[in-house]
Amino acid sequence: MKLFYLTALDELDREKCGILGKIRGQITSFKSNGMDVFFGHFYGKSIFKIENSSIEKTIKAKNGNTRTRLGSIYRELYSFIITNNIETVYIRFTSLDNKAIAFYRKLKNDGIKVIIEFYSHNLELEAEKTVKRNWSNGQYVQAIKGYISLNINKHYFSKLKGCIDLIVTTTKVEDMYGVPTINVVNGIDTASSKVRIKEKNKFDFNIVSVAMISPWHGYDRVIKGIANYYKNGGTRNILYTVIGDGEEKRNLENLVEVCGLAEHVVFTGIKLNEELTEYYNVADIALEMLAGFRRTKGQISSIKMAEYFAKGIPVLYASDSKICDANMSKYCYWVENSDKPVDMNEVIEFCDKLYRENSEVELSMHNIAKEKFDWTYTMKELNDFILG
């Protein structure tokens, strides 16, 4: 079985390294099921690269936005797919237009399975919220571009039926736009994720978050919670390390300044792979998404829960309901999905009790990750569909 994985992500974009890591994990899962995978992605703005164990090819793309660049390579991509007898094309959703729809339809008419992965079951709502947020923040050019892109996509969503075979989404819905779906929870390659070695530093309680920071991460809830903790006489020396960049970082920096928390909240910028080790090793708890309601309705599957479990770091998260099962919940602290500041006294008590009663927190969490979050587990239904 030959599979072509298509994404518009740029390998050289440091900000997208986390997503590219997820994609490579998916590819590992496909390969472990006997598939011969061709990985197509951008390498810079005008070069599209195709990687395979036996071939490497580049295609020259037009400069411009994502639609323009993809539109300029569909014809050559189609020729490559047919020439190499590829049986399934897996696409990480980017944008739609006439050329994209024609490309999908042509593949399907040739008997090739066409699958699109949507990062959310409600892309339209997410896009609308982003447009409104950019406009309210004075980012008018971004808002206008987002509004145009949203309406182009809206026009073409209804045309997906009949052009593709399946939509993969992280939310459990029966179909999208008349196309059947499979729910795939975000996973990781646990074999390559080493269990951390817990260490201490000069702070009594360490919090860490790693993300391209957006409003729906809700990190402001923790910063306000730390401010309330000290306002109410808290004595533990807390350090919250915010790792990553993104649209919300400046707002968080301003909030830290207003709250007078410069000694308790630090921003490191982007850190990758082994650069994260020193922060993970001292962390008492790590932050998952804490304000998913700001993004869209429904449950959101974030890869961070899986990564933190594999490393052995307890997790603070928010959702409409408790998503952790009995085994996971021992290591997860749940707060309601709202704007309410996090009660740091409760979080600290949770962690103190956990570490006091379990001397093997890290190994226990890693073993759960192998059972719940490894790609071989999370992608089984998808792999069965492709191979069926």
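Everything below is about the structure printed above this text.
A few points on the structure. Note that the structure is a prediction, hence the values are computed from the model and not measured. (Residues numbered from 1 in each chain as written. Predicted model: local features only at pLDDT ≥ 70, side-chain atom pairs only at ≥ 80, totals over all residues. Heavy atoms only, no water.)

**Thoughts on the packing of aromatic side chains**
- Tallied over the entire structure, the rule returns 20 aromatic pairs.
- For the ring pair F93 and F118, a centre distance of 4.8 Å and an interplane angle of 65° mean the geometry is edge-to-face. Separated by 25 residues along the polypeptide, F93 in the loop between β5 (88-92) and α4 (98-109) and F118 in strand β6 (residues 113-118) bring together distant segments of the chain. When sorted by exposure, F93 lands in the same class as F118, which is buried.
- Arranged with centres 6.4 Å apart and planes meeting at 80°, the rings of Y219 and Y240 form a pair that is edge-to-face. In this pair, Y219 sits in helix α7 (residues 219-231) while Y240 sits in strand β11 (residues 238-243), placing the two residues 21 residues apart along the sequence. Residue Y219 shares its accessibility class with Y240, and that shared class is buried.
- Grouped by ring-pair contacts, the aromatic residues Y5, F30, F39 and Y90 constitute a single cluster.
- Taking NZ or CZ as reference, K106 lies 4.3 Å from the ring centre of Y78, over its face. (Phe/Tyr/Trp six-rings, centres within 6.5 Å; stacked < 30°, edge-to-face > 60°. Helix = DSSP H or I, 4+ residues; strand = E, 2+ residues; numbered from the N terminus. Buried < 20%, exposed > 50% of the residue type's maximum accessible area, 1.4 Å probe, protein only. Lys NZ or Arg CZ within 6 Å of the ring centre and 35° of its normal.)

**Some thoughts on the sheet that holds strand β12 (residues 265-269)**
- An order of β12-β11-β10-β13-β14-β15 is seen for the 6 strands of this open sheet, with the pairing classed as parallel. Single-partner strands in this sheet number two, and they are β12 and β15 (332-336). Pairs of neighbouring strands in the sheet enclose a mean axial angle of 25°, with direction left out of account.
- Direction of pairing for strand β10 (residues 205-210) relative to strand β13 (residues 285-287): parallel, over a ladder of 2 bridges. Bridge pairing in β13 links I207 to I285.
- The strands touched by α7 within the sheet are β10, β11, β12, β13, β14 (315-319) and β15, with β11 carrying the most contacts at an inclination of about 165°.
- Docked against the sheet, helix α12 (residues 344-357) engages β10, β11, β13, β14 and β15, running at close to 100° with respect to β10. (Pairing = 2+ DSSP bridges. Axes fitted to C-alpha atoms, helices over the stretch in contact; angles between N-to-C directions. Contact = heavy atoms within 4.5 Å.)

**What to know about the nonpolar core**
- Among the nonpolar cores identified, the biggest contains 59 residues, and I207, V222, Y240, F309 and L316 are the most heavily contacted of them.
- Core analysis: the next-biggest nonpolar cluster, separate from the first, contains 38 residues, A8, I59, I167 and V179 among them. (Core = buried A, V, L, I, M, F, W, Y, C linked by side-chain atoms within 4.5 Å.)

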